[in-house]
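As a plain string of letters, each chain reads:
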Amino acid sequence: MAPSATTTGVYVYGVVRADELPAVSADGVGDSAVEVLERDGLAAIVSRLPDDFRVKRRDLNRHLQVLEEAFGETTVVPCAFGTVLASEADVETALLSQRRPELEAALDRLDGTVQLNVKAAYEPDELLRELVAKNPDVARLREDSIRLGDAGYPQRVRLGELVAGLLDERREEDAARILATLSGVAEDVAVDDPGEYDALKASFLVDRKQLDRFDARLEEVARSLQPVVRAEVIGPLPPTAFAGAAAAQ
Amino acid sequence: MAIATRGTSSNYLQRAPSPSGLADVLDVILDKGLVIDAFVRVSVIGIEVLTIDARIVIASVDTYLRFAEAVNRLDLSQTETAGIDELRNGGSKGERKAKGALEGAKEKIPGMSSDKERSR
């Protein structure tokens, strides 16, 4: 494949087995075509980037779409968004050939699995209402700061500090409970930083055969934590959070 | 390709097959994936999207004041605490029960914004 004279680089979406090449119809990043480069039984899903390439927001969606299409047909070891190699030769030799053992190990590890992104978020008013109801200190400081108005600044700071501490404790308990419930039916879990009003934000690597059990347990724990917690699950997703770990094994 | 769902999403659990919204997409693909050595990698394309407000929660007075504000704005009419409020000072800023406009204005706490922005 003769490289284009105007190519800036080769954008890599992920790696698959060469004998299971997926048909990807989505446009690639920068409106470029999605192609495949093969070497030694492995294949990289790539796009050749034009010289004037500048990332746009829609390229994020393109990257994900390409991964999702490939993932729909075969096992993929995804690359992070924005992975660019100097040339096709680099993709074939430095990536596919030289890192073949890791890539094969990763593919084996990820076979038959999907990623589910779970977020358990607090309904702020529900949570705060519960904190007020269960903590006399909070209730008292609330009354004081309302009554004092502007003069109640120290009370407001103290109230907020107290609430922040209680929220931290609550988050720890809820996160532990959710993880304990779900880890038993997952191959792996990667925990992210939660937002201020989140209990937990994590990716789970789940064997397809366990999906129903995972969903049932998630449903159960979410129901037990309502209405203070509202949970969301996104997936099945290509295993982006586990590609590095899978390759390292 | 959605996972087998037990009926539709409920109040306490929402299911989506794919991320919608920039934040959810970033969660999936940004800094998540196979790591390629600097030796072979020419560049990771920098993107302006990182200017999106990715809140890092740092304990600070501002954080405490925001929590206090949120607590003070609560409508507690469904709980016992509301009863105590009503007896003492006519209730929180959020309550509207049987209160004349003048009375409400007097109790209004200056400087409290109506900003209900939540961190993600």
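Residues numbered from 1 in each chain as written. Chains lettered and ligands numbered in written order. Predicted model: local features only at pLDDT ≥ 70, side-chain atom pairs only at ≥ 80, totals over all residues. Heavy atoms only, no water.

### Some points on the pairing of strand β2 (residues 35-39) of chain A
Residue and element names in this part refer to chain A.
At step 1: Sheet topology places β2 next to strand β3 (residues 42-50); five bridges connect them, and they run antiparallel. Directly across from V36, in β3, lies its bridge partner I45.
At step 2: Count of turn residues in the β2/β3 antiparallel hairpin: two residues, of which D40 carries a positive phi of about 55 degrees. (Pairing = 2+ DSSP bridges. Helix = DSSP H or I, 4+ residues; strand = E, 2+ residues; numbered from the N terminus.)

### Considering the sheet that holds strand β6 (residues 113-122) of chain A
At step 1: Strand order in the open sheet formed by five strands is β7(A)-β8(A)-β6(A)-β9(A)-β1(B), with mixed pairing between adjacent strands. Both edges of this open sheet fall to β7 (188-191) of chain A together with β1 (13-16) of chain B, since each of them pairs with a single strand only. Along the sheet, successive strands turn relative to each other by an average axial angle of 20 degrees, direction set aside.
At step 2: Where β6(A) meets strand β8 (residues 198-207) of chain A, nine bridges bridge the pair, whose relative direction is antiparallel. The residue bridging A:V118 from the neighbouring strand is A:A202, located in β8(A). (Axes fitted to C-alpha atoms, helices over the stretch in contact; angles between N-to-C directions.)

### Focus on empty space enclosed by the protein
At step 1: Tallied over the full model, the rule gives three cavities of 30 Å³ or more.
At step 2: What the largest cavity holds in volume is close to 130 Å³.
At step 3: Forming the walls of the largest cavity are 13 residues, and the residues nearest its centre are A:N117, A:V118, A:K119, A:K201 and B:D27.
At step 4: Listing elements by their share of the lining of the largest cavity, those giving two or more residues are β6, β8 and β9 (229-237) of chain A together with α1 (22-29) of chain B. (1 Å grid on protein atoms, 1.4 Å probe; cavity = no way out; pocket = protein on both sides within 12 Å on 5 of 7 lines; lining within 4 Å. Points joined across faces, edges and corners; volume = space filled by probe spheres on them.)

### Regarding the packing of aromatic side chains
Residue and element names in this part refer to chain A.
At step 1: Scanning all chains against the criterion turns up four aromatic pairs over all chains.
At step 2: With centroids separated by 6.1 Å and ring planes inclined at 65 degrees, the aromatic side chains of Y11 and F81 adopt a geometry described as edge-to-face. Here the residue Y11 occupies a position in strand β1 (residues 7-17), and F81 occupies one in the loop between β4 (77-78) and β5 (83-85), the gap between them amounting to 70 residues.
At step 3: What makes F81 buried here is its relative accessible area of 5%. (Phe/Tyr/Trp six-rings, centres within 6.5 Å; stacked < 30°, edge-to-face > 60°. Buried < 20%, exposed > 50% of the residue type's maximum accessible area, 1.4 Å probe, protein only.)

### Topic: the confidence of the model for chain A
At step 1: Per-residue confidence for chain A averages 92 on the pLDDT scale, and 96% of its residues sit at or above 70.
At step 2: In the model, residues 1-6 of chain A has pLDDT below 50 throughout and makes 12 contacts with residues more than four positions away in sequence or in other chains. (pLDDT = per-residue confidence, 0-100. Contact = heavy atoms within 4.5 Å.)

### Focus: the nonpolar core
At step 1: A:Y13, A:L128, A:V163, A:F204, A:V206, A:F214 and A:L218 are the most contacted members of the largest nonpolar core, which has 78 residues in total.
At step 2: In terms of residues, this core owes the most to one element, helix α6 (residues 153-183) of chain A, which gives 10 residues.
At step 3: The contact partners of A:L128, leaving out residues within four places of it in the chain, are A:V163, A:Y197, B:A70, B:V71 and B:L74.
At step 4: The next biggest cluster of nonpolar side chains, apart from the first, holds 24 residues, and it includes A:V12, A:V15, A:L95 and A:L110. (Core = buried A, V, L, I, M, F, W, Y, C linked by side-chain atoms within 4.5 Å.)

### A look at the confidence of the model for chain B
Residues and elements named next belong to chain B.
At step 1: Within chain B, residue pLDDT values average 61, and 38% of them lie at 70 or more.
At step 2: The lowest-confidence element of chain B is helix α4 (residues 101-107), averaging 37 in pLDDT; the highest-confidence one is β1, averaging 96.
At step 3: Segment residues 47-56: pLDDT under 50, and 15 contacts once partners within four positions in sequence are set aside and those in other chains are kept.
At step 4: A low-confidence stretch, residues 89-120 (pLDDT under 50), is modelled with 53 contacts involving residues beyond four sequence positions or located in other chains.
At step 5: Per the prediction output, this complex has pTM 0.80; the corresponding ipTM is 0.89.

### What to know about the pairing of β7(A)
All names here are of chain A.
At step 1: When β7 meets β8, the two strands line up antiparallel, connected through four bridges. Within β8, the residue paired with A190 across the bridge is S203.
At step 2: Where β7 folds back onto β8 in an antiparallel hairpin, the turn is made up of six residues.

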